Amino acid sequence: MPTHARYGLGQTMPPAELAAVVRYIGEHRDDGAAPLTVALEGRTDGTAADRGGRHVAAYRDAGLTWRVEALGWWRCDPAGAMARIRQGPPLLT
């Protein structure tokens, strides 16, 4: 999971920065290394028609392989977290 100094609670690095991290790691790994797994926490809008799918697709295209919906205390209370969960995952095309 990339660590970034310029972003804090409720903020995720932009896809272009994630792509730069993935590129850098790829350039400095051993040739025989296993495929890279990249995880990042982010926030999507469950009320959007694609439930944030377009937003997530930009990260997927940057090299993201696992994504965690940010449901921490800074975003919402437990009822708000359950409401977002019930909306379902982002719809990727």
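This write-up is about the structure you can find in this document. Values in this document were obtained by computation on a predicted structure and should not be read as measured data. (Residues numbered from 1 in each chain as written. Predicted model: local features only at pLDDT ≥ 70, side-chain atom pairs only at ≥ 80, totals over all residues. Heavy atoms only, no water.)

1. What about the nonpolar core?
- Residues M13, L18, A19, V22, V38, L40, Y59, A62 and L64 constitute the largest nonpolar core, which totals nine residues.
- Of all the secondary-structure elements, those providing two or more residues to this core are helix 1 (15-28) and helix 2 (53-62).
- When residues in this core are grouped by element, the largest group, three residues, is from helix 1.
- Ignoring any residue separated from it by four or fewer positions in sequence, one finds L64 in contact with L18, V38, A39, L40 and Y59. (Core = buried A, V, L, I, M, F, W, Y, C linked by side-chain atoms within 4.5 Å. Buried < 20%, exposed > 50% of the residue type's maximum accessible area, 1.4 Å probe, protein only. Helix = DSSP H or I, 4+ residues; strand = E, 2+ residues; numbered from the N terminus. Contact = heavy atoms within 4.5 Å.)

2. What about the side chain of R84?
- The residue R84 is located in helix 3 (residues 78-87) in this model.
- A polar contact of 3.4 Å, which involves the side chain of R84, links it to the backbone oxygen of R51.
- Ignoring any residue separated from it by four or fewer positions in sequence, one finds R84 in contact with T44, D45, G46, R51, E69, L71, R75 and P90. (Polar contact = N/O pair within 3.5 Å; in protein donor to acceptor, adjacent residues only side chain to side chain.)

3. Observations regarding helix 2
- What helix 2 keeps buried is the set G53, V56, A57, Y59 and A62.
- Where the residues of helix 2 are buried, they touch helix 1, strand 1 (39-42) and strand 2 (66-69).

4. Some points on the pairing of strand 2
- Where strand 1 lies against strand 2, four bridges are found, and the strand directions are parallel. Looking across to strand 2, one finds that E41 is bridged to V68.
- As for the winding sense of the linkage, the β-α-β connection from strand 1 through helix 2 to strand 2 is right-handed. (Pairing = 2+ DSSP bridges. Right-handed = clockwise from strand over helix to strand, strands pointing away.)

5. Comments concerning the pattern of salt bridges
- Considering all chains together, one arrives at three salt bridges under this definition.
- In this structure, the salt-bridge partner of R60 is D61, at a minimum N-O distance of 3.2 Å.
- Here R60 falls in the partly exposed class, since its relative accessible area comes to 35%.
- Overall, D61 belongs to the exposed group, its relative accessible area being 59%.
- For the salt bridge of R67 with E69, the shortest nitrogen-to-oxygen distance reads 2.6 Å.
- Residues participating in the shared-partner salt-bridge network are R67, E69 and R84. (Salt bridge = Lys/Arg side-chain N within 4 Å of Asp/Glu carboxyl O.)

6. Section: unusual backbone geometry
- One non-glycine residue, R51, lies in the positive phi region at around 50°.
- Examined against the element boundaries, R51 turns out to sit in the loop between strand 1 and helix 2.

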